[in-house]
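Residues per chain, in single letters:
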Amino acid sequence: MAKTSDGAEQRRYRVMWDQNAGQEMYYNPPISPQRVAQATFGFFEGRPVDAYVGAMGSNAGFTVGWPTKVENAEFIVDRLQRGRRIGDIKLWRHAEQLRLAFEAGIDFEQVKVEEARRLGVDFFFRLAMNDWHHIASEADESNLWSGDFFAERPELWIGDEGARGWPEKLWNVLRFFQDFAHEEVRNLRRDLAIEACERYKVDGFLFDFMRCPGYFKRGAEEAGMPLMTELLAQTRDALRRTGSGRGRSIRFAVRVPNTIGGSERLGLDVRNWVKDGLVDIVVPSSFFAQDMEEDVGEWVDLVSDTPVQLYPAIEEGYAPGHTGNFNRWYFQPPVMSPMSNEMLRGIAARHHARGVDGIYTFNFFGSAPTYDYDNREAVDDVADPIRLQHKDKVFVVMRSHASFPNCLVTEHQLPLTLSTEPAAVTVDVPDDLRTVADRLALCRLRVHLTNVEVYDGIEVSLNGAVLECSNPIEGGEYRMRNGGQQWLEYDLQHALPAQGSNEIGLRLTARLERLAAEFDITVEDIELEIRYEYPNGAW
């Protein structure tokens, strides 16, 4: 086992599983303790998940799933009984389940702690530091997950003027977030963590700064850094005291933006948190849609030669420029789609190649009901770099997006407008394909284009070698369903990608002038697919 910054032994996790909402809300009341245990841990029971990271009842940071004594916090049942706005029927179910349970002398969070012990899984609570589940999409319409401390204290919000200058979509979110320049706001988060760790014999606690990222008025982030560091230091000291009294350390984790610079732009001084031993675990993360080109190399460098462990988060979905063959006239990309098991393996393999300690999965519990896609088989694979080595994978070139530009890299390689001038994108492949060529069943490049027609010429190359298209556009093809969109495919079996960075070249060699005047040919998506022969690959 590795050591924490205070010298205690700390377990290395293969997978940390984040469950950012109490599953009680998804069942009709009443629910039994046995069903609570199943609903919480049945997703991964027996899989290589070594740590569970769960919400403290609600997912918004103002209410909890037990009768709290923390100033400015509330028990969700008390809000229900005081007649506060419900907001969503599942929130009523959540509160009603807890009401019935506590009346019967049952504490669902204790049930979860005990089930984690039975399974040999470490138990972490997580706190959403500034979430948006307590408000409506465009207004303050508080619900049961909210709190009077939020609804009745608008002077503590970042506010309209404090968020001014950000793009409208982000402005409309940040203005309803609490401003951590206020001591009361910071104290609430600190005291919730302390109470949770004193009330329950947990193994760790996580501050989730990615739900949702925004903590200060625009321009005040750098000045807020010492305040956030003080918050962490105070919380860290309290958890150490609690753990010391039990003879067992309580690990302290943070989930932060997936770049060091992005974290610092929020006012999170992650470099000094690591250097000063304020945290045991760092979880770099994108937001909701996975960054398909994420490179955690700088994080590996940051935590090297320290006791701090690194667990990059993998999200359940991403935002491609296609609809995955789901055709409806109103369904226009980019749309959130499930990360396939092959994509999950690709991201995890890249992380392991950089030297991470393990993988953190976010929102995987919601994949099946959200996308009708069960991604849990990939959990068995992402936990182990050796198991991943010869498993099927897909690597995806990232598209630009507008999500949380205050902390995320939003400009990426796609979409790309083609011309007769050469253009290039890169894709990183951790697999050493050239040494295992005999194991390969398929290695293929797929390029998704719009406005391309039968008379157009497209040249695609890999690392300077021009590729032959396996499915060129041909006269007489029926194209009503895909309009001017086309996936072109290129067999790479005789031009295998290198281990590491690969350059994909793209240019027009011919273009119908009449169309060129009105329509650009754009590259919307690029996928590099690798499949291995059985028994490494699928049957």
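Report follows, based on the coordinates.

Basis of the calculations
- Residues numbered from 1 in each chain as written.
- Predicted model: local features only at pLDDT ≥ 70, side-chain atom pairs only at ≥ 80, totals over all residues.
- Heavy atoms only, no water.
- Helix = DSSP H or I, 4+ residues; strand = E, 2+ residues; numbered from the N terminus.
- Rg over C-alpha atoms; globule rule 2.2 N^0.38 Å.
- Buried < 20%, exposed > 50% of the residue type's maximum accessible area, 1.4 Å probe, protein only.
- Contact = heavy atoms within 4.5 Å.
- Areas by Shrake-Rupley, 256 points an atom, 1.4 Å probe, with all protein chains shown as cover.
- Salt bridge = Lys/Arg side-chain N within 4 Å of Asp/Glu carboxyl O.
- Axes fitted to C-alpha atoms, helices over the stretch in contact; angles between N-to-C directions.
- Parallel < 35°, antiparallel > 145°, perpendicular 65-115°, else oblique.
- Left-handed = near helix turned anticlockwise from the far one by under 90°.
- Nonpolar A, V, L, I, M, F, W, Y, C, P; charged D, E, K, R; others polar.
- Expected span 1.5 Å × (residues − 1).
- 1 Å grid on protein atoms, 1.4 Å probe; cavity = no way out; pocket = protein on both sides within 12 Å on 5 of 7 lines; lining within 4 Å.
- Points joined across faces, edges and corners; volume = space filled by probe spheres on them.
- Core = buried A, V, L, I, M, F, W, Y, C linked by side-chain atoms within 4.5 Å.
- Pairing = 2+ DSSP bridges.
- Polar contact = N/O pair within 3.5 Å; in protein donor to acceptor, adjacent residues only side chain to side chain.

Concerning the overall build of the protein chain
Next, step 1: A tally of helices and strands in the protein chain yields 17 helices and 24 strands.
Next, step 2: Since a compact globule built from 539 residues should have a radius of gyration of about 24 Å, the 25 Å found for the protein chain is in line with a globular shape.
Next, step 3: If one aligns the C-alpha atoms of the protein chain with their principal axes, the spans along those axes are about 70 × 50 × 45 Å.
Next, step 4: Sorting the 539 residues of the protein chain into buried and exposed places 58% on the buried side.
Next, step 5: Sequence-distant contacts in the protein chain: of pairs separated by 6 or more residues, those separated by 24 or more amount to 78%.
Next, step 6: Just so you have it, the protein chain exposes about 22,400 Å², and 48% of that area is on carbon and sulfur atoms.

Some thoughts on the pattern of salt bridges
Next, step 1: In this structure the tally under the stated criterion is 54 salt bridges.
Next, step 2: Taking the shortest distance from any N to any O, the salt bridge between K90 and D88 comes out at 3.0 Å.
Next, step 3: The partly exposed category is assigned to K90, whose relative accessible area is 26%.
Next, step 4: As a salt-bridge pair, R511 and D456 come within 2.8 Å of each other at their nearest N and O atoms. Of the two residues, R511 is situated in the loop between β23 (500-510) and α17 (513-516) and D456 in the loop between β19 (440-450) and β20 (457-462); the sequence distance between them amounts to 55 residues.
Next, step 5: Taking relative accessible area as the criterion, D456 reaches 12% and is therefore assigned buried.

Points about the packing of helix α1 (residues 33-41) against helix α4 (residues 108-119)
Next, step 1: Axis separation between α1 and α4 bottoms out at 9 Å; the angle between their running directions is 60°. Taken together, the axes of α1 and α4 are oblique relative to one another. In the crossing of α1 with α4, the sense of the turn from one axis to the other is right-handed. On α4, the residues that touch P33, V36, A37, T40 and F41 of α1 are F108, V111, K112, E115, A116 and L119.
Next, step 2: Tallied by class, the residues present in the contact of α1 with α4 amount to 8 nonpolar, 1 polar and 2 charged.

Digging into helix α9 (residues 221-246)
Because an α-helix packs 3.6 residues into every turn, residues spaced three or four apart end up facing the same way.
Next, step 1: For α9, which comprises 26 residues, the first-to-last C-alpha distance of 37 Å matches the rise-based estimate of 38 Å (1.5 Å per residue) to within 8%.
Next, step 2: Among the residues trailing α9, G247 stands out with phi positive, at a value near 75°.

Some words on the layout of surface pockets
Next, step 1: Taken as a whole, the largest pocket spans an internal volume of roughly 1,100 Å³.
Next, step 2: Lining the largest pocket are 36 residues, and of these H322, T323, G324, N325 and F326 sit closest to its centre.
Next, step 3: At the level of elements, β14 (337-338), α13 (341-354), β19, β22 (486-491) and β24 (522-532) are the ones that each hand at least two residues to the lining of the largest pocket.
Next, step 4: Considering every element that reaches the lining of the largest pocket, the biggest residue donor is β24, with 4 residues.
Next, step 5: Across the lining of the largest pocket, the residue classes tally to 13 nonpolar, 14 polar and 9 charged.
Next, step 6: The volume enclosed by the second largest pocket comes to roughly 660 Å³.
Next, step 7: As for the second largest pocket, its lining consists of 32 residues, and the residues nearest its centre are K169, A289, H401, A402 and S403.

Section: α13
Next, step 1: With 14 residues, α13 ought to run about 20 Å at 1.5 Å a step, and its terminal C-alpha atoms sit 20 Å apart, in line with that.
Next, step 2: Of all 14 residues in α13, 12 are buried; the element is thus mostly enclosed.
Next, step 3: Every buried residue of α13 is accounted for by N341, E342, M343, L344, R345, G346, I347, A348, A349, R350, H351 and H352.
Next, step 4: A positive backbone phi angle near 105° is found at G355, which sits one or two residues after α13.

A short note on the nonpolar core
Next, step 1: In this structure, F205, F207, F209 and W273 are the most contacted members of the largest nonpolar core, which totals 117 residues.
Next, step 2: With 6 residues, the single largest contributor to this core is helix α8 (residues 183-199).
Next, step 3: Among all residues touching W273, those that are not within four sequence positions of it are F209, M228, T229, L232, V254, V256, L268, L278 and V279.
Next, step 4: Counting residues in hydrophobic clusters, the runner-up holds 35 residues, among them C443, L449, L508 and I530.

Remarks on the sheet that holds strand β3 (residues 15-19)
Next, step 1: Spatially, β11-β10-β9-β8-β7-β4-β3-β15-β12 is the arrangement adopted by the 9 strands of the open sheet, whose pairing is parallel. Both outer strands of the open sheet, β11 (309-310) and β12 (313-315), are each paired with one neighbouring strand and no more.
Next, step 2: With 5 bridges connecting them, strand β7 (residues 122-128) and strand β8 (residues 204-208) associate as parallel partners. Bridging from a neighbouring strand, F124 pairs with G204 of β8.
Next, step 3: In the packing of α13 onto the sheet, the strands contacted are β12 and β15 (359-362), and the crossing angle to β12 comes to about 165°.

A word on the pairing of β24
Next, step 1: Of all 11 residues making up β24, 10 are buried, and the element is well covered by its neighbours.
Next, step 2: Two elements, strand β16 (residues 393-396) and β24, share 4 bridges in a ladder whose sense is antiparallel. Paired with V396 across the two strands is E527, which belongs to β24.
Next, step 3: Of the pairings in the sheet, the one linking strand β17 (residues 416-417) to β24 comprises 2 bridges and is antiparallel in character. Paired with L416 across the bridge in β24 is V523.
Next, step 4: Here 10 bridges tie β19 to β24, and the two strands are oriented antiparallel to one another. Note on β24: the bridge partner recorded for T450 is T522.

Observations concerning the environment of W145
Next, step 1: Positionally, W145 belongs in the loop between β7 and α5 (148-151).
Next, step 2: Taking relative accessible area as the criterion, W145 reaches 3% and is therefore assigned buried.
Next, step 3: In this structure the C-alpha to C-alpha distance between W145 and W329, which are 184 residues apart in sequence, comes to 36 Å.
Next, step 4: What W145 contacts, discounting residues up to four positions off in sequence, is A21, M25, S58, N59, A60, F62, T63, I76, L91, H94, H133 and H134.
Next, step 5: Here the side chain of W145 touches H94 through a polar contact of 3.3 Å, side chain to side chain.

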